[in-house]
There are 2 protein chains.
Amino acid sequence: MLTNRQLLILQVTVDDFIQTAQPVGSRQLSKKEEVPFSPATIRNEMADLEEMGYLEKTHTSSGRIPSEKGYRFYVDHLLTPQLASSDDMLQIQSVFQERITETEQVIQKTAKILSDLTSYTSILLGPDVRKHRVKRFSIVPLSNDSAVAIIITDSGHVENRLFQLPHGLTASDIEKMVNILNEQLTGVHLHDLQRALEKETAALLKQHIGRYGELMSSFGAAITSPQEEKVFYGGKSKLLHHPEFKDLQKARGLITMMDQANQISTLFSPNQAGIHIRIGSENTLLEMEDCSVITASYTIGEEQMGSIAIIGPTRMDYRRVVTLLDLMSGDLSRELTRILRGSR
Amino acid sequence: MLTNRQLLILQVTVDDFIQTAQPVGSRQLSKKEEVPFSPATIRNEMADLEEMGYLEKTHTSSGRIPSEKGYRFYVDHLLTPQLASSDDMLQIQSVFQERITETEQVIQKTAKILSDLTSYTSILLGPDVRKHRVKRFSIVPLSNDSAVAIIITDSGHVENRLFQLPHGLTASDIEKMVNILNEQLTGVHLHDLQRALEKETAALLKQHIGRYGELMSSFGAAITSPQEEKVFYGGKSKLLHHPEFKDLQKARGLITMMDQANQISTLFSPNQAGIHIRIGSENTLLEMEDCSVITASYTIGEEQMGSIAIIGPTRMDYRRVVTLLDLMSGDLSRELTRILRGSR
DNA sequence: TATTAGCACTCGCAAGTGATGAGTGCTAAC
DNA sequence: GTTAGCACTCATCACTTGCGAGTGCTAATA
């Protein structure tokens, strides 16, 4: 168990290191008014804290820096909530000022603002389309042998796919097909689409449409081709401005990682309400060993839609980021719900 | 006018520097079999070439490196075309192997392959949507006061926008509206949409639809809100692996620039067929003074669609990139045309 | 007994030094 | 016109040195 004095010293040490990025020494600490002890006393306490694994030295005679365990303790027990400044509030509001015409645009803007406010990199995971339900199908022929299939979901998302039309398919065939699809598949989850299409709808289509085989091979493949979760970044380059990434090797690793969208999802906790923090090697990715990730999620109505994350160095301003992320995810959820669920 | 020997030495110097990234000295050059002269002779010629501005020294007693003028001359006069290796051809073909269900996906894949093949960063400008024509309108209500408007273009592109429905608008109102829109606006260029909507279609809508004013304010704004050209990157981090960007300052500048999509368009020549090369400060952007950009464009049928660019250090392998870009832009055009214009 | 002052010691960092080697320009010989 | 030879330049690297911030330990103090 830590004494009150140890708690204080740990807290002040972490706070100071977060601000200056320099190892903090006992002399320096004792100058602060919150810490009314002599350097020698502080040294003793710091030595204890180091023994317990909360602090580390970079070399024998350096000041101390927080260890991962130290950050974890800080985050879990010493993080006092903070009210967002009115200026931050204003900035966040500004995302929703303009008329919203595309959810993607709102999400992109959110990413940018979050990154600007924090000076870290933000990542927003777009809605997981596969959870949405079909609201309407539509098919628009482009030429005599190609067409666009369009699925509108209940969340207002629009998916579109090109596919080949079999030779000799008539306009009325297509019309019939669209009608059948809409009758049969409205309300089906997108991840169930393939199954539903094959089981229930196939027979009906076969009955009414000429060239059924060819059509389904091309249309079915188009419609069920994987829908990836879109990833939006804000301020990819912001991370490079922090001193921990002055090492080009590390910087490269991070930028490369961000280019590979498939790795990104591992950064996010399994969708769960509330704020989650992963510190350093708690992220499984090797490139992230010097980074922390703070995640939140946004919803439409009661439904989980997507996630928001801020990536910064382990030495990041946890308090501020948590505050902003909490605020932002709430506002984003509220606004998206308002727009899509109606009821003004 | 340059003598043949000077041409040879300039070419070999540039080639060698492109490969090694080290200033090339006279001794080193004279070892190559293409250059049957003694170091002293080469020194004299190099001194002349330097006087004429084609070569530079990094310090008094260093080897020579090409100046921008040197690269320009090299690119304009010394670049002998090269056949792509069959392995490169295969890689490029692989983009089009799978069934194409989304043009964006093809473009994204193109970006990746180009970047992988060249080890530089690629940028693809998506189609300029405003040049496309309306093929079909569609409106899908989401709740009692919001709806999605969808525009399908003749190129198979799908734009969608959220907008607010005035209270009390009936389903048949919407149906009428969609019919009018399709009758009146099919074939109109997207950049003309606002004008066309206001001039020709407004009166008709006013006549048939209740709540006309509110509807048009929200629908009109949604429909005509700016459609940006989408930018696709391949291998953003690739640039960081080249020695000219071991300086963190420069690396940061580049990454930051790539995050600001608005600056990107200045890198592209006004849409023009063929391959264009901009060397170092020929790019107006300050961050790009150590980079060269090679651009090409792709078409659907005869129509310019978008552009492809490769960004590398000024010391880039111009010959290889030009070859690959030429090949890729041709294949991409052909494939997109085949898919969208039909006629198999 | 808990705290603090004092002191010897450690180590990173920056500045200075010198040797090395690749490269040049110039001159004189071929 | 071309080349060998030579003195000179400069970046780079390994090495040293001095400085200063910081520590741990011991003994004095409240």
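Residues numbered from 1 in each chain as written. Chains lettered and ligands numbered in written order. Predicted model: local features only at pLDDT ≥ 70, side-chain atom pairs only at ≥ 80, totals over all residues.

Trainee: So what's going on with the sheet that holds strand E8 (residues 276–279) of chain B? Residues and values would help.
Mentor: Residues and elements named next belong to chain B. Strand order in the open sheet formed by five strands is E7-E3-E10-E9-E8, and the pairing between neighbours is antiparallel. The strands lining the two open edges of the sheet, one partner per strand, are strand E7 (231–234) and E8. On average, each strand axis in the sheet is tilted by 20° relative to the strand beside it, whichever way the strands run. Pairing analysis gives 10 bridges linking strand E9 (residues 291–300) to strand E10 (residues 303–313), with the strands arranged antiparallel. What sits directly across from Ile300, in E10, is Glu303. Seen against the sheet, helix H6 (residues 103–118) touches strand E3 (121–125), E7 and E10 and runs at an angle of roughly 35° to E7. (Pairing = 2+ DSSP bridges. Helix = DSSP H or I, 4+ residues; strand = E, 2+ residues; numbered from the N terminus. Axes fitted to C-alpha atoms, helices over the stretch in contact; angles between N-to-C directions. Contact = placed C-beta atoms within 7 Å.)

Trainee: Break down the protein's contact with DNA strand C for me, with residues and values.
Mentor: Taken together, 20 residues are adjacent to DNA strand C, and A:Thr41, A:His59, A:Thr60, A:Ser61 and B:Gly25 come closest. Of all the secondary-structure elements, those providing two or more residues to the surface near DNA strand C are helix H3 (39–51) of chain A together with helix H2 (26–31) and helix H3 (39–51) of chain B. Residue contributions to the surface near DNA strand C peak at four residues, all from H3(B). Here the surface near DNA strand C is built from residues that sort into five nonpolar, 12 polar and three charged. (Near = placed C-beta within 6 Å. Nonpolar A, V, L, I, M, F, W, Y, C, P; charged D, E, K, R; others polar.)

Trainee: Lay out the sheet that holds strand E4 (residues 134–141) of chain B in plain terms, naming residues and giving numbers.
Mentor: Across a sheet, paired strands are connected by hydrogen bonds in the backbone, their directions being either parallel or antiparallel. Residue and element names in this part refer to chain B. With respect to topology, three strands assemble into an open sheet ordered E4-E5-E6, the strand pairing being antiparallel. Across the chains shown, the open sheet's two edge strands, defined by having one partner strand only, are E4 and strand E6 (158–164). Recorded for the sheet is a direction-independent mean angle of 20° between the axes of neighbouring strands. Looking at chain direction, strand E5 (residues 146–153) and E6 are connected through seven bridges and run antiparallel. When the sheet's bridge partners are listed, Val148 is paired in E6 with Leu162. Set on the sheet, helix H9 (residues 212–224) makes contact with E5 and E6; between it and E6 the angle comes to about 150°.

Trainee: Now, about the pairing of E9(B): what can you tell me, with residues and values included?
Mentor: All names here are of chain B. Counting buried residues along E9, nine of its 10 residues qualify, which places the element largely inside the surrounding structure. Of the strand pairs in this sheet, E8 and E9 are connected by four bridges, and their pairing is antiparallel. Each residue of the ladder has a partner; that of Ile279, found in E9, is Ser292. (Buried ≥ 20, exposed ≤ 12 C-beta atoms within 10 Å, placed from the backbone.)

Trainee: Just give me the short version of the interface of chain B and chain A, but keep the residues and values in it.
Mentor: Of the residues lining the interface, 43 residues belong to chain B; the matching set on chain A comes to 43 residues. Listing elements by their share of the side of chain B that touches chain A, those giving two or more residues are E4, E5, E6, H9, helix H10 (248–259) and helix H12 (318–341) of chain B. Per-element tally for the side of chain B that touches chain A: the top contributor is H10(B), with six residues. Of the residues contributing to the side of chain B that touches chain A, the split by class is 17 nonpolar, 13 polar and 13 charged.

Trainee: If you had to explain the protein's contact with DNA strand D to someone new, which residues and values would you point to?
Mentor: A:Gly25, B:Thr41, B:His59, B:Thr60 and B:Ser61 are the nearest of the 20 residues found near DNA strand D. With four residues, the single largest contributor to the surface near DNA strand D is H3(A). Class assignment for the residues of the surface near DNA strand D results in five nonpolar, 12 polar and three charged.

Trainee: Could you give an account of the packing of helix H6 (residues 103–118) of chain A against helix H12 (residues 318–341) of chain A, with specific residues and numbers?
Mentor: Residue and element names in this part refer to chain A. Running from N to C, H6 and H12 cross one another at 165°; their axes reach a closest spacing of 11 Å. When the axes of H6 and H12 are compared, the pair comes out roughly antiparallel. The element H6 and its partner H12 pack so that their crossing is right-handed. Residue-level inspection shows Thr103, Thr110, Leu114, Leu117 and Thr118 of H6 in contact with H12, the latter providing Arg320, Val321, Leu324, Met328, Leu332 and Leu336. Per-class residue counts for the contact of H6 with H12 are seven nonpolar, three polar and one charged. (Parallel < 35°, antiparallel > 145°, perpendicular 65-115°, else oblique. Left-handed = near helix turned anticlockwise from the far one by under 90°.)

Trainee: I'd like a description of the nonpolar core, backed by residues and values.
Mentor: Formed by 175 residues in total, the largest nonpolar core has its most connected members in A:Val148, A:Ile150, A:Ala309, B:Val148 and B:Ala309. In this view, B:Val148 contacts A:Ile152, A:Gly156, A:Val158, B:Val140, B:Leu142, B:Asn160, B:Arg161 and B:Leu162; residues no more than four positions away in its chain are not counted. (Core = buried A, V, L, I, M, F, W, Y, C linked by C-beta atoms within 7 Å.)

Trainee: How would you summarise the confidence of the model for chain A if you had to cite specific residues and measurements?
Mentor: Summary statistics for chain A give a mean pLDDT of 91 and a share of 99% for residues scoring 70 or more. Averaged over each element, pLDDT in chain A is lowest for helix H11 (residues 261–264) of chain A (79) and highest for helix H4 (residues 68–78) of chain A (97). (pLDDT = per-residue confidence, 0-100.)

Trainee: Report on the environment of B:Glu175, specifying residues and quantitative values.
Mentor: Positionally, B:Glu175 belongs in helix H7 (residues 171–185). Counting along the chain gives 37 residues from B:Glu175 to B:Ser138, while the straight-line C-alpha distance between them is 9.1 Å.

Trainee: An account of the environment of B:Leu181 is needed here, citing residue identities and associated values.
Mentor: Residue and element names in this part refer to chain B. Mapped onto the elements, Leu181 comes out in helix H7. Of the residues examined, Leu181 has 23 C-beta atoms within 10 Å and is grouped as buried. When neighbours within four sequence positions are excluded, Leu181 is seen to be in contact with Phe137 and Thr201.

Trainee: Please give an account of the pairing of E4(B) that cites residues and values.
Mentor: All names here are of chain B. Of all the eight residues making up E4, six are buried; the element is thus mostly covered by neighbouring parts of the structure. Where E4 lies against E5, seven bridges are found, and the strand directions are antiparallel. Of the residues in E5, the one forming a bridge with Ser138 is Ile150. Following E4, the chain reverses through four residues before pairing antiparallel with E5.

Trainee: Help me get a handle on the domain arrangement of chain A, residues and values and all.
Mentor: All names here are of chain A. When its domains are assigned, chain A resolves into domain 1 (4–78), domain 2 (86–128 + 230–341) and domain 3 (130–224). Between domain 1 and domain 2, the C-alpha centre-to-centre distance is 29 Å. At the interface, seven residues of domain 1 touch nine residues of domain 2. Of all the elements in the fold, those that place two or more residues in the side of domain 1 that touches domain 2 are helix H1 (4–20) and H4. Ranked by residue count, the leading element in the side of domain 1 that touches domain 2 is H4, at four residues. (Domains from an automatic or database assignment.)

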